[in-house]
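Read off the chains here:
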Amino acid sequence: MRIQPEETLSPRQIEDRQREAWREAYRYAAARSPFYREHFRRAGLSLRVPPSLERLARIPTIDKAILSEQTDAFLCVPPQRVVDIVTTSGSTGRPLVWRLTDADLDRLGRNECLSFTCAGLTADDTVILAVTLDRCFMAGMAYFLGLRQLGCAVVRVGPATPVMHLDILRRVSATAIVGVPSFLGLLAEKAAEENFGLASLGVRKAVCIGEPVRHEDFSVNRLGQAIETGWNARVFSTYGVTELASSLCECSAGLGGHLHPELLHLEALDDAGRPVPEGQVGELTATTFGVEAMPLIRYRTGDFAALFRGPCPCGRRTLRLGPILGRKSQKLKVRGSTLFPATLKTVLDGVPEVRSYAILARRDSPLSDHIEVRVAFAGDSRKISEVLRERFQGTAKVSPQITPATSEEIEALQLPHGARKRRYFVDLRGEQP
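In this text the structure is predicted, and so the values were computed from the model without any measurement. (Residues numbered from 1 in each chain as written. Predicted model: local features only at pLDDT ≥ 70, side-chain atom pairs only at ≥ 80, totals over all residues. Heavy atoms only, no water.)

**Student:** Could you give me a rundown of helix H7 (residues 181-193), with the residues and numbers involved?
**Tutor:** Helix length check: H7, at 13 residues, gives a terminal C-alpha distance of 19 Å against a target of 18 Å (1.5 Å per residue), a fit within 8%. Residues of H7 that are buried include every one of Pro181, Phe183, Leu184, Gly185, Leu187, Ala188 and Ala191, and no others. Packing partners of the buried residues in H7 comprise helix H6 (162-171), strand E5 (176-179), strand E6 (205-208) and helix H8 (222-231). Among the residues trailing H7, asparagine 195 stands out with phi positive, at a value near 55°. (Helix = DSSP H or I, 4+ residues; strand = E, 2+ residues; numbered from the N terminus. Expected span 1.5 Å × (residues − 1). Buried < 20%, exposed > 50% of the residue type's maximum accessible area, 1.4 Å probe, protein only. Contact = heavy atoms within 4.5 Å.)

Here it is as structure tokens:
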């Protein structure tokens, strides 16, 4: 398949692609979507003439609560046209059931093909997929379709045991791997324990999904550093949402995930629904282009990050998405100020004597949260705690409670029974005192 070289697109070409895709998406939703037909009418909008992208705010935003309540009203095709059904992760509530047509699967693959191209993958690469392709998850299937469109050889190992992965790595000359960062870090640890020469095998790109590998300033965090050291590979951060059937992947510059303008439109909004200035953190609000079964317009994802529009060193002029700082439900209120757990995580990752940690939040009052950081220390806990307090105050302007804990206690908090992925933030604000 021939891939459009996005690095050659001028700002005008990008704008033209967005406007054309937007007009088609609006008219399609107005004609086919029971939900959006009524949504547009209530907003006093024409069903034939879309507002311009500059006047997108005339269309009220929607969120996951609305999707959950009226999922079937978003379906734009007869049930017979649906060929694949997936579910969302359910990390913020009951998983949504999401439907795709053949054309949606083609679009899904094209999106991932373009994203992997951003990371520098080509048809010459052999890629290990350490991601599940079953259990109704979209991600693994999307990556497989994208890699096939790109022409890569794909090794579908999935989230198998470290023993199986290391055995495959011995036998297959892989050049890249796609997986959850904590699992890639675990593989590096197991390889070191067995004196397995992981760094010499030739895997030079690690495309990381589901967990952050960068801080807000784009520097690689502790987990990302461990992967780069253990694998002798470059980490690439990605962002994806099941409902959008889209993802963004960064290029070798590591300055944000690149948007594919014919497939998605992104806004960053404040609490009042107003666009925030470039580089400032807001809630990501997305509009899908080219989706047949269940298109979305101005969908508030609940994720917070900054958008950047300046040229990238790689040559692309497409919009870039900064690191995800957290979800709306994770926003903390402490004595009149707000912050995300990621800010505290940056401080903790910067102290080598912090072996592992978990950030706990409880409701102190309707206007303030109580934050506790449980830490497994590698050294004098009293001295290291003092260092942490100073850095918390300097960076986050708060001094959370610091509680020493064992590595086993932290592990139980990070990976509770039945969890699909590791967590460093434990939200207890909804529990009764």
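On we go from here.
**Student:** Help me get a handle on the pairing of strand E12 (residues 299-308), residues and values and all.
**Tutor:** Among the ten residues of E12, nine are classified as buried, and the element is accordingly described as predominantly covered. With five bridges joining them, strand E11 (residues 281-288) and E12 adopt antiparallel strand pairing. What sits directly across from glutamate 283, in E12, is phenylalanine 304. Judged from the two bridges that link them, E12 and strand E14 (residues 326-327) form a sheet pairing that is antiparallel. Bridge pairing in E14 places phenylalanine 304 opposite glycine 326. For E12 and strand E13 (residues 320-321), the ladder comprises two bridges, and the chain directions are antiparallel. (Pairing = 2+ DSSP bridges.)

**Student:** Summarise the packing of aromatic side chains; cite the residues concerned and give the values.
**Tutor:** The final tally for this structure, using the stated rule, is nine aromatic pairs. Aromatic side chains tyrosine 26 and phenylalanine 40 sit 4.3 Å apart centroid to centroid with 15° between the ring planes, which places their arrangement in the stacked category. One end of the pair, tyrosine 26, is in helix H1 (residues 11-32); the other, phenylalanine 40, is in helix H2 (residues 34-42), and 14 residues separate them in sequence. Since its relative accessible area comes to 0%, tyrosine 26 is described here as buried. Among the aromatic side chains, those forming a connected cluster through ring pairs are Trp22, Tyr26, Phe35, Tyr36, Phe40 and Phe74. (Phe/Tyr/Trp six-rings, centres within 6.5 Å; stacked < 30°, edge-to-face > 60°.)

**Student:** So what about the side chain of serine 115? Which residues, and what values?
**Tutor:** Within the element layout of this structure, serine 115 appears in helix H4 (residues 102-118). Polar contacts involving the side chain of serine 115 include one to the main-chain carbonyl oxygen of serine 247, which spans 3.3 Å. Those residues in contact with serine 115 that sit more than four places away from it in its chain are Ser247, Leu248, Cys249 and His260. (Polar contact = N/O pair within 3.5 Å; in protein donor to acceptor, adjacent residues only side chain to side chain.)

**Student:** Explain the nonpolar core residue by residue, including any values.
**Tutor:** Within the largest apolar cluster, 50 residues are counted, with the highest numbers of intra-cluster contacts made by Tyr36, Phe40 and Leu296. A total of six residues in this core trace back to one element, the largest contributor, which is H1. Not counting chain neighbours up to four residues away, the residues in contact with phenylalanine 40 comprise Tyr26, Ala29, Ala30, Leu45, Leu47, Ile59 and Ile297. Core analysis: the next-biggest nonpolar cluster, separate from the first, contains 27 residues, Val347, Leu348, Leu388 and Ile402 among them. (Core = buried A, V, L, I, M, F, W, Y, C linked by side-chain atoms within 4.5 Å.)

**Student:** Explain the sheet that holds strand E17 (residues 354-365) to me, and be specific about the residues and the numbers.
**Tutor:** The strand order E19-E18-E17-E20 describes an open sheet built from four strands, whose pairing is mixed. Lying at the two open borders of the sheet, with one neighbouring strand each, are strand E19 (401-404) and strand E20 (425-427). Taken over all neighbouring pairs, the strand axes of this sheet differ in orientation by 25° on average, direction set aside. In this fold helix H10 (residues 381-396) packs onto E17, strand E18 (368-377) and E19, with an angle of close to 140° to the strand it touches most, E18. Sitting on the sheet, helix H11 (residues 407-414) touches E17, E18 and E20, and the angle it makes with E17 is about 55°. (Axes fitted to C-alpha atoms, helices over the stretch in contact; angles between N-to-C directions.)

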